[in-house]
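Spelled out from the first residue to the last, the chains are:
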Amino acid sequence: MTLPALRCRGVEKRFGDFTALAGVDLEVAPGEIVALLGPNGAGKTTLIGCITGLSRPTAGRIEVFGYDVASDFRTARRLVGLVPQEINFDPFFTPREALRIKSGLMGVPPDPAHCDALLRTFALWDKRDAYTRNLSGGMKRRLLVAKALVHRPKLLFLDEPTAGVDVELRRELWDEVRRLRDAGTTIVLTTHYLEEAEALADRIAVLRRGELIVAESAEAMLARGEGRSLEEIFVELVQEPEPVS
Ligand SMILES: Nc1ncnc2c1ncn2[C@@H]1O[C@H](COP(=O)(O)OP(=O)(O)O)[C@@H](O)[C@H]1O
Ligand SMILES: [Mg+2]
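The present account deals with the structure reproduced in this document. (Residues numbered from 1 in each chain as written. Chains lettered and ligands numbered in written order. Predicted model: local features only at pLDDT ≥ 70, side-chain atom pairs only at ≥ 80, totals over all residues.)

Side note on the overall build of the protein
The secondary structure content of the protein amounts to nine helices and ten strands. Here the C-alpha radius of gyration of the protein, 18 Å, is about what a compact globule of 245 residues would show, namely 18 Å. Taken along the three principal axes of its C-alpha coordinates, the protein extends 60 × 40 × 40 Å. Relative to its full complement of 245 residues, the protein shows a buried share of 37%. (Helix = DSSP H or I, 4+ residues; strand = E, 2+ residues; numbered from the N terminus. Rg over C-alpha atoms; globule rule 2.2 N^0.38 Å. Buried ≥ 20, exposed ≤ 12 C-beta atoms within 10 Å, placed from the backbone.)

Below, the structure is given as structure tokens:
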């Protein structure tokens with residue numbers, strides 16, 4: 001039996017009285033693409049933070065390829081890559097420096113050939129020595145993805161990679177996601193676009209108020225609603241239940 005790329009069991013995250021994750025169970029198979037959907041505030045970024053070691057769950061267990069993210073922190077961290085929701089690099093570093101520094105942070109030996117290949121793949125080669133603050137929005141996004149790939153993660157998280165990007169860049173990112181999957185990377189991406197989830201993902205996972213309410217293929221989701229569109233089914237799924245009065 002192969003180990004899942006990701007296994008979350010009863011993952012809970014509280015901030016004071018507020019429960020951001022209410023016991024999430026989720027398994028992702030190696031090579032799968034899973035789209036994580038849910039309204040703003042549903043807990044998508046919090047869940048990714050718990051998996052990638054940015055934040056500590058208040059209960060539950062998370063394993064990445066069998067490594068516990070708490071007790072095997074270093075090994076687990078090297079297996080995951082994260083493209084964060086917010087642009088987070090120093091504006092006074094160049095793309096080339098940003099990749100080199102990231103390699104150091106991830107504890108992998110410098111690999112200039114790999115970094116150069118990433119710069120070319122993400123069409124940043126011409127800007128490799130420019131201050132990142134001078135890059136266009138699309139270039140900044142692509143640098144975020146390149147940074148996340150510097151240590152060759154086997155499980156990649158993309159947190160709203162296409163929020164606010166133009167159609168062309170969105171298509172480019174989709175192509176890149178598919179290439180990464182073809183190269184063996186397991187991918188979890190969050191999105192607000194059902195169309196994107198349907199186009200890319202093997203399964204769609206839906207979070208609502210910190211609870212994972214479904215994780216299934218688009219076909220299985222469609223089969224729930226007699227003739228209704230995926231969007232109609234999704235909207236109904238994430239709607240709050242009627243209060244009992
Ligand atoms: N550090 C924090 N302190 C308090 N509340 C937080 C913190 N981080 C996130 N939250 C809350 O947790 C909920 C889930 O947030 P988040 O995971 O960012 O949602 P999503 O990514 O699905 O939009 C939100 O209500 C948010 O306000
Ligand atoms: Mg978020």
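Digging into the site of ligand 1
The local shell around ligand 1 consists of F15, F18, A20, G38, N40, G41, A42, G43, K44, T45 and T46. Only β2 (18–28) and α1 (44–52) provide two or more residues apiece to the shell around ligand 1. Tallying contributions element by element places α1 first for the shell around ligand 1, with three residues. Looking at the shell around ligand 1, its residues break down into four nonpolar, six polar and one charged. (Near = placed C-beta within 6 Å. Nonpolar A, V, L, I, M, F, W, Y, C, P; charged D, E, K, R; others polar.)

Notes on the sheet that holds β2
Spatially, four strands are ordered β2-β1-β4-β5 in an open sheet, and the strand pairing comes out antiparallel. Each edge of the sheet is formed by a strand with only one pairing partner; in this case those strands are β2 and β5 (67–68). As defined by bridge partners, strand β1 (residues 6–15) adjoins strand β4 (residues 59–64) across five bridges and the pair is classed as antiparallel. Paired with L6 across the bridge in β4 is V64. (Pairing = 2+ DSSP bridges.)

A closer look at the packing of helix α3 (residues 95–106) against helix α4 (residues 112–121)
Running from N to C, α3 and α4 cross one another at 135°; their axes reach a closest spacing of 10 Å. By the criterion of interaxial angle, the relationship of α3 to α4 is oblique. Where α3 crosses over α4, the handedness of that crossing is right-handed. When α3 is examined against α4, the residues P95, R96, L99 and R100 are found in contact with a partner set consisting of C115, L118 and L119. Split by residue class, the contact of α3 with α4 holds five nonpolar, no polar and two charged. (Axes fitted to C-alpha atoms, helices over the stretch in contact; angles between N-to-C directions. Parallel < 35°, antiparallel > 145°, perpendicular 65-115°, else oblique. Left-handed = near helix turned anticlockwise from the far one by under 90°. Contact = placed C-beta atoms within 7 Å.)

What to know about the nonpolar core
Membership of the largest hydrophobic core comes to 61 residues, with the highest contact counts inside it found for A35, I51, A146, F157 and A205. If sequence neighbours within four positions are ignored, A205 has contacts with L26, V34, A35, L36, L212, V214 and A215. (Core = buried A, V, L, I, M, F, W, Y, C linked by C-beta atoms within 7 Å.)

Thoughts on α3
Its twelve residues place the ends of α3 17 Å apart at the C-alpha level, agreeing with the 16 Å of an ideal helix rising 1.5 Å per residue. Residues P95, A98, L99 and K102 constitute the buried set of α3. Buried residues along α3 cover an arc of 95° about the axis, so they all sit on one side. In this structure, the buried side of α3 is in contact with α4 and α5 (137–148). Remark: G107 follows α3 within two positions and exhibits a positive phi of approximately 75°. (Expected span 1.5 Å × (residues − 1). Arc of directions from axis to C-beta.)

Looking at unusual backbone geometry
For R152, which is not glycine, the phi torsion reads 55° and is therefore positive. Tracing the sequence through the fold places R152 in the loop between α5 and β7 (155–159). Residue classification places R152 among the partly exposed positions, given that 14 C-beta atoms sit within 10 Å. Unlike most non-glycine residues, E160 shows phi in positive territory, near 50°. With respect to the helices and strands, E160 occurs in the loop between β7 and α6 (167–182).

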